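The residues making up each chain are set out below.
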Amino acid sequence: MSSSTVSLYLDPQIRDWVLFPITVVMILVGVLRHYVVLLLQSPPKKLPRNAIREQRALVRSQILRATSANSPLPPTYYKAVSQHLSQAFADGTYLKDGPPKADAPASTPPNPLTDPNAMEGMMAGMKTQMVMMVPQMVIMGWINFFFQGFVLIKLPFPLTLGFKSMLQRGVETPDMDVRWVSSLSWYFLNFFGLNGLYRLILGGENSADSSRDMNTPFAAAAAAAPQPGQAQDYNKLFKAERDNLEFSEGLHAWVAKDVETRVLQKYGRLSADAK
């Protein structure tokens, strides 16, 4: 008998006691994991006033430069603000630790292994990743132990043989139609396919996203914690920003220049060639 004529008839109890329970358990575990991660997250620490002032001064300068080609400030005001920021950056007025001293040694990036804040961020990242990984390991073991070798569902659209190894894991039958899905493959389909449902239920910034489970806890902790060499040296940033401000002064163009002439020309009160 050819493989194209082979038909399988599934017991309805497989649908009721295997297919639905796996799907429902994975959805509930994802929702529970989202709220556990929220409980484990510590509230963000408030930055000191000087640190916020340091960051906002740099942002203020960047906004001023970004709008220089079509600036709402007249030339005199723009130049006054630009020169004030440039002088403040040169003097170190906005640095959170105050202006640097001439005989002070060069600052070195903090070591995350000795920084309490960095260590706390690493531990928080590891706890979050463990909450994400452990439930998936338990579910996979549960499926392998109770439902190994089960065929659960048949997809309603044709597929090529390249999908056979992905959809029929744990079922080594070369003559089975590729559209049949095994229990272990159904787990992986839900693992990657429920992200849209989680975003619909929990919102876009949810902690049930399965793509985050692809990272190891150590990689997530390393990404969450500042590494040596990555600490921002605002003294150097301010010096670079001074050069950018000087360059932007030559690009300044006031958006309201000759605005009265343009308004009159737009409504036909003045000829187009009039100045």
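Residue numbers restart at each chain and count upward from 1, following the sequence in its written direction. Reporting in this predicted model follows two pLDDT cut-offs: at least 70 for local features of residues, and 80 or more for side-chain atom pairs to be given and counted; totals over whole chains, interfaces and linings ignore these cut-offs and use all residues. The basis for every side-chain value is the complete set of heavy atoms in the structure, and neither hydrogens nor water enter the calculation.

Where nonpolar side chains cluster on the molecular surface, the patch consists of Met130, Val134 and Val138 and spans about 260 Å² of accessible area. Numbering of helices and strands runs from the N terminus, with a helix taken as a DSSP run of H or I at least four residues long and a strand as a DSSP run of E at least two residues long. When you line up the elements, Val138 lands in helix H4 (residues 116-146). Only protein chains enter the accessibility calculation, which uses a 1.4 Å probe; a residue is then buried when its area is under 20% of its type maximum, exposed when over 50%, and partly exposed in between. Judged by relative accessible area, which is 54%, Val138 ranks as exposed. Residues enter a patch when their relative accessible area is above 30% and they make no salt bridge; the linking distance is 9 Å between like charges and 5 Å between nonpolar side chains (Val, Leu, Ile, Met, Phe, Trp, Tyr). Note that accessible areas follow from Shrake-Rupley with a 1.4 Å probe, and for residues the cover is restricted to the protein chains shown. We define a salt bridge as a side-chain nitrogen of Lys or Arg found within 4 Å of a carboxyl oxygen belonging to Asp or Glu.

Take the packing of helix H2 (residues 49-66) against helix H9 (residues 234-249) next. A fitted line through C-alpha atoms serves as each axis, taken over the contacting stretch for helices, and the angle formed by two N-to-C directions is quoted from 0 to 180°. Relative orientation of the contacting elements H2 and H9 amounts to 20 degrees, with a least axis distance of 10 Å. As the angle between them shows, H2 and H9 are arranged roughly parallel. The element H2 and its partner H9 pack so that their crossing is left-handed. From H2, Glu54, Gln55, Leu58, Ser61, Gln62, Leu64 and Arg65 reach across to H9, where they touch Tyr234, Leu237, Phe238, Glu241, Asn244, Leu245 and Ser248. Residue classes in the contact of H2 with H9 are distributed as 6 nonpolar, 5 polar and 3 charged. To sort the angles, those under 35 degrees are grouped as roughly parallel, those over 145 as roughly antiparallel, those from 65 to 115 as roughly perpendicular, and the leftovers as oblique. By the definition used in this description, the sense in which the near helix is turned from the far one sets the handedness, with an anticlockwise turn below a right angle giving left-handed and a clockwise turn giving right-handed. In what follows, residue pairs with any heavy atoms lying within 4.5 Å of each other are defined as contacts. Three residue categories are used. Nonpolar comprises Ala, Val, Leu, Ile, Met, Phe, Trp, Tyr, Cys and Pro, charged comprises Asp, Glu, Lys and Arg, and polar comprises the others, including Gly.

Attention now moves to helix H3 (residues 75-91). Over its 17 residues, H3 extends 24 Å from the first C-alpha to the last, a length consistent with the 24 Å expected when each residue adds 1.5 Å. Considered for burial, the residues of H3 that qualify are Tyr78, Ser82, Leu85, Ser86, Ala88 and Phe89. Down the axis, H3 shows its buried residues gathered within 165 degrees of arc, on one side only. Across from the buried face of H3, at angles greater than 90 degrees, the exposed residues are Thr76 and Tyr77. In this fold, the buried residues of H3 make contact with H2 and H9. Gly92 occupies a position one or two residues after H3 and carries a positive phi of about 75 degrees. The length a helix should cover is 1.5 Å for every residue beyond the first. Picture the helix axis, draw a direction to every C-beta atom, and the arc is the one those directions span.

Residues at a pLDDT of 70 or more form 82% of the protein chain, whose mean pLDDT is 81. pLDDT is defined as a per-residue confidence score from the predictor, taking values between 0 and 100. A low-confidence stretch, residues 215-230 stays under pLDDT 50, and its non-local contacts, those more than four residues away or across chains, total 18 contacts.

Attention shifts here to the nonpolar core. Among the nonpolar cores identified, the biggest contains 19 residues, and Val18, Ile22, Met26, Ile143, Leu152, Trp186 and Tyr187 are the most heavily contacted of them. At the level of elements, helix H1 (12-40), H4, helix H6 (183-193) and helix H7 (195-202) are the ones that each hand at least two residues to this core. When residues in this core are grouped by element, the largest group, 5 residues, is from H1. When sequence neighbours within four positions are dropped, the list of residues in contact with Ile143 reads Ile22, Gln148, Ser183, Leu184 and Tyr187. Judged by nonpolar contacts, the second largest core, of 12 residues, contains Leu64, Tyr94, Leu95 and Tyr234. Nine residue types can take part in a nonpolar core, namely buried Ala, Val, Leu, Ile, Met, Phe, Trp, Tyr and Cys, and a core is a set of them joined through side-chain atoms within 4.5 Å.

Here is the rule: rings of Phe, Tyr and Trp (six-membered ring for Trp) pair when centre to centre is within 6.5 Å. Planes less than 30 degrees apart are stacked, more than 60 are edge-to-face, and the remainder are tilted. This structure, assessed with the given rule, holds 10 aromatic pairs. On the numbers, 4.8 Å between centres and 85 degrees between planes, the contact of Phe191 with Phe192 is edge-to-face. Judged by its relative accessible area of 7%, Phe191 is buried. By relative accessible area, which is 46% here, Phe192 ends up partly exposed. Cluster of aromatic residues (ring-pair linked, three or more members): Trp142, Phe145, Phe146, Phe147 and Phe150.

On to the environment of Ile27, then. Here Ile27 is to be found in helix H1. Each C-alpha atom, one on Ile27 and one on Asn190, is 8.6 Å from the other, the two residues being 163 residues apart in sequence. When near neighbours in sequence (up to four residues on either side) are disregarded, Ile27 contacts Leu194, Leu197 and Tyr198.

Taken N-terminus to C-terminus, the directions of H1 and H7 make an angle of 50 degrees; their axes are 11 Å apart at the nearest point. Considering the angle they form, H1 stands oblique to H7. As H1 packs across H7, the resulting crossing turns out to be right-handed. Residue-level contacts link Met26, Ile27, Gly30, Val31, His34 and Tyr35 of H1 to Leu197, Tyr198 and Leu202 of H7. Residue composition of the contact of H1 with H7, by class: 7 nonpolar, 2 polar and no charged.

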